[in-house]
Each structure stands twice: as structure tokens, then as C-alpha cells.
Amino acid sequence: MSFNFDDTPSRQGTYSFKWQKYDGQDIIPAWVADTEFRCAPPILDALAAKVEHGNLGYVLPAQYQPAIKAVQRWLKDKHNWDIDTDWLVWTPGVVPAFNIACKAYCEPGDKVMVQTPNYPPLLAAPKINGLERVDIGTVEVDGRPTLDFAELETQAADPKCKLLILCNPMNPVGSVLSQDEIDRVAAICLEHEVKLCSDEIHCDLILDETVSHIPAGRVEALKDVSVTLMAASKTFNVAGLGASFAIIPDRQLRQQFTQAAAGHMPWVNLLGLVATEAAFTQCDDWHQAMLAYLRGNQKRLVKAVNAIDGLKVHTSQATFLAWVDASGLSVPNVQTWAESRGVGPSPGSDFHAPDHFRLNFGCSRSMLDAILTRLAGS
């Protein structure tokens, strides 16, 4: 079956979060991490069938076996990870999930290590929960951004540091942690009794075909000290349906997590469960076609952006988000510069990197070309 990713539905007037920001302005939104693509046909068919049935009453996610089996099938097939049913904890999004992890594994006054740059809700989580955030920077090794392991080792030695929150693949820099890097994270966490919460929502968006994603909870050394967060939402463009999940193999960690969530976290949306089930059982071909399309978009973007004076971008290993270094522009505000050219990226200042911006290329080729043309000042 062929899929037409050039044919994207207009989101004007749909109250899309992404499009509302610049409503009424001649600025193309390229910020929030959702794509412009239509959902895969099996997802739309499954949602239509559920609505047609006519009853949208309570469904307890832990009892919705089709979605549970779909997650198990996907993780086994795509990530070589066999998970027990008991390990799966449904959450209405990864953002509430890593906030719950802060509540579950820390006490007021404790410290949470967070890799930076990182996306705004993750940076905000420690403070929201009465905790101190400790930034673990990113360093470039052979042209590829990765964790500053020396800094991680130093900070983890502080007894107040109880939790490390990672984003893997890294958002916004797009790197996928290698086996060696995961093993180093594991060694540091174990040595210093630090829990790991790994946000892996972009794990099915690997663009570099020479690497593969390694789920934190699949690593034997991390199995009993980790919470792995995943969802179909970014890959299959169903973020508006509020469905994600945590994989927590250790019973005590799982119990702490669910107790911290009790009364604060609502059940996963029924239609989110239905969409996840369809995505993880019927959409493999669509998934591969979408990755091929994104690889084409990325190649186009990297070439065009690097031809613009003052801008630099690397070819990231994953995600549909480009991390653009705009320090060469020598302008007071790089976000204002981009918006003045009719493009609205995510402001680098929100990621604690004000001389950068994040550009979403999960869109039609024509929309991407318009974005790149405007940035070039053409």
C-alpha cells in the first residue's frame, strides 16, 4: 500500500495548539512536536468503529487487553523487549508520568538531574514538585551531541540527587544513546543509588538506519531502578488522544509510582487506547513509509539550513525535530529573527539555549519548502 504524506489536512480553524499560536499572522508554525500528517487509515477506522458503536463509557485501561497485547507485540517486534503484563502502567501522557516519578522517588528538598537542553515541561518538573533541578549538559563528540558523562558522575555522587530524567532519543538534539552510553548511565545510577526515568516517546522515530533504540528497562542493570515512558502519540500523530504508558519491571518501584499517581492522574482516554491498539498492530507499513518520508525531509532541511549564513544544523539520528544553531546570526533574539521571516520555530530559550531554535519538519514537502524558503529570505 502507498501513502501520500504530501496530502496533509488543513488545520486552520481546528483549534490546533500548534496553529493557534500564530493565528491571523503570516507565520508558518514549526514548533510543537506533532506532525501535519493524517493518521494511518487503520487508526481512523478503529476510532470510527468505536464511535459508531455509540457507547463511550468507562473502560479501565488495565482491563483493556487488546491495547495491552498490542504494546507487548510492538515492544517485542520493534525493540526486542519481552514485557510482563504487570509491568505496564497506563498514563495520560509522558509529562504527567515524569512528574509522578518526581513525587514517587523524591522527597521535598531532593535533587533531580535533567539533561539539557531539553523540552520545557521536562525542565519544569523538578520545581513543580518542590525539588531542585541539576542540569547535566550536552557535549559534542565527533560531531554528535551526547550526555556530559563527567558532569553526570560528579552530580550523581551528591546523596541529594535521587532521580535522573533522560530523554532518549534526546529532544531537541535528536541523538540516540548507544549501548555503551546506556551502560555508563546504568553504572552511574547503580553506584550512587539513583533512579532513572527515561522518556522514550520518540523511540519509534529513528532516522539513522545504522542505529537502534535501546529501551532503558530492557537493560538488565537498569531493570530494577528504571521507569521507561513510551507512547504511540508522536509516531502516529495521536497526541490529542491522551494515551501513553510506563514500563516498570520492579514491583516496589511500580507500587511507589501508582501510589504517587493515585487521585492525581486520570485514566487513559478510551479512544487513546483504541488508537494505540491499532497503531501497534496494523500500521507497520505506514510507519516505515512515514520514516522514509521524514528522512527525505531531513536531508532537504539540513542542506538548505546549512546554506543560510549564520545557521548550522547537524543530521540528527532521530525525531522530526531539527536543532538549529543560530549563534552565527549575531542578532539580539533568534526567535524574533525567525518570526520576522515568517517562520515560528520553538524558541531555544525555552530549552535553555537562547542562541538556538527547534524546527519541526514533520510536515508535507511543500510546507517544508515554504519554511526553508522563508528562512533563506527568498
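Look above for the structure.
Residues numbered from 1 in each chain as written. Predicted model: local features only at pLDDT ≥ 70, side-chain atom pairs only at ≥ 80, totals over all residues. Heavy atoms only, no water.

(A) Quick peek at helix H6 (residues 149-156). Of the residues making up H6, those classed as buried are Phe149, Leu152 and Ala156. Each buried residue of H6 lies within a common arc of 55° when the element is viewed along its axis, so the set occupies one face. Seen from the open side of H6, the exposed residues pointing more than 90 degrees away from its buried face are Ala150 and Thr154. On its buried side, H6 packs onto strand E3 (111-115), strand E4 (132-136), strand E6 (144-147), strand E7 (161-167) and helix H7 (179-191). Where H6 starts, the residue carrying a side-chain oxygen 3.3 Å from the main-chain nitrogen of Ala150 turns out to be Asp148. (Buried < 20%, exposed > 50% of the residue type's maximum accessible area, 1.4 Å probe, protein only. Helix = DSSP H or I, 4+ residues; strand = E, 2+ residues; numbered from the N terminus. Arc of directions from axis to C-beta. Contact = heavy atoms within 4.5 Å. Polar contact = N/O pair within 3.5 Å; in protein donor to acceptor, adjacent residues only side chain to side chain.)

(B) Quick look at the nonpolar core. Counting residues in hydrophobic clusters, the biggest one holds 74 residues, and the most contacted among them are Ile43, Trp90, Phe236, Phe280, Leu301, Leu311 and Leu359. Setting aside its immediate chain neighbours within four residues, Trp90 contacts Pro61, Ala62, Ala67, Ile68, Val71, Ser244, Phe245, Met265, Val268, Leu273 and Thr276. Core analysis: the second largest hydrophobic core is formed by 60 residues, Ala101, Phe149, Leu163 and Val227 among them. (Core = buried A, V, L, I, M, F, W, Y, C linked by side-chain atoms within 4.5 Å.)

(C) The sheet that holds strand E13 (residues 343-347), seen in detail. The strand order across the open sheet built from five strands is E1-E13-E14-E12-E11, with neighbouring strands paired in mixed fashion. If you trace the sheet from one side to the other, it starts and ends with strand E1 (28-30) and strand E11 (312-313), each paired once. Looking at chain direction, E1 and E13 are connected through three bridges and run parallel. Note that in E13 the partner of Ile28 across the bridge is Val343. Contacting E1, E13 and strand E14 (356-360), helix H13 (residues 365-375) runs over the sheet at an angle of about 100° to E1. (Pairing = 2+ DSSP bridges. Axes fitted to C-alpha atoms, helices over the stretch in contact; angles between N-to-C directions.)

(D) Structural view of the pairing of E14. For E14, the buried fraction is high: five of the five residues fall into the buried class. Alternating positions in E14 separate into two faces, His356, Arg358 and Asn360 on one and Phe357 and Leu359 on the other, with burial throughout. Two elements, strand E12 (residues 321-325) and E14, share five bridges in a ladder whose sense is antiparallel. Across the sheet, the residue bridging to Asp325 is His356, located in E14. With two bridges connecting them, E13 and E14 associate as antiparallel partners. By the bridge assignment, Pro347 is partnered in E14 with Phe357.

(E) Main features of the sheet that holds E7. With mixed pairing, the seven strands of this open sheet are ordered in space as E2-E10-E9-E8-E7-E3-E4. Of all strands in the sheet, those bounded by a partner on one side alone are strand E2 (88-91) and E4. Adjacent strand axes in the sheet meet at a mean angle of 20°, parallel and antiparallel pairs treated alike. The sheet contact formed by strand E9 (residues 226-230) and strand E10 (residues 244-247) spans three bridges and is antiparallel.

(F) A look at the side chain of Asp34. Mapping Asp34 onto the fold places it in the loop between E1 and helix H2 (41-53). Residue class for Asp34 comes out buried when judged on its relative accessible area of 14%. A distance of 2.9 Å separates polar atoms of two side chains, one belonging to Asp34 and the other to Arg11. For Asp34, the contacting residues outside a window of four places in its chain are Arg11, Lys18, Asn237, Phe320 and Asn360.

(G) Representation of unusual backbone geometry within the structure. Looking along the chain, the bond that leaves Asn168 and enters Pro169 is cis, with omega of 0°. Topologically, Pro169 is positioned in the loop between E7 and H7. A positive phi angle, near 65°, is found at Tyr15, a position not held by glycine. Position of Tyr15 among the secondary structure elements: in the segment before helix H1 (17-20). A positive phi angle, close to 55°, is found at Ser330, a residue other than glycine.

(H) Representation of the packing of helix H11 (residues 284-305) against H13. Between H11 and H13, the shortest axis-to-axis distance is 11 Å and the interhelical angle comes to 15°. The pairing of H11 with H13 is recorded here as roughly parallel in orientation. In this structure, the crossing between H11 and H13 has a hand that is right-handed. Within the contact between the two elements, H11 uses Tyr293, Gly296, Asn297, Arg300, Leu301, Ala304 and Val305 and H13 uses Arg365, Leu368, Asp369 and Leu372. Its residues assigned to classes, the contact of H11 with H13 comprises six nonpolar, two polar and three charged. (Parallel < 35°, antiparallel > 145°, perpendicular 65-115°, else oblique. Left-handed = near helix turned anticlockwise from the far one by under 90°. Nonpolar A, V, L, I, M, F, W, Y, C, P; charged D, E, K, R; others polar.)

(I) Spotlight on the pattern of salt bridges. Under the criterion given, the structure shown has 17 salt bridges. In this structure, the salt-bridge partner of Asp77 is Lys78, at a minimum N-O distance of 2.9 Å. With a relative accessible area of 29%, Lys78 lands in the partly exposed category. Bridged by salt links that share partners, the residues Arg11, Lys18, Asp34 and Glu36 form one connected network. (Salt bridge = Lys/Arg side-chain N within 4 Å of Asp/Glu carboxyl O.)

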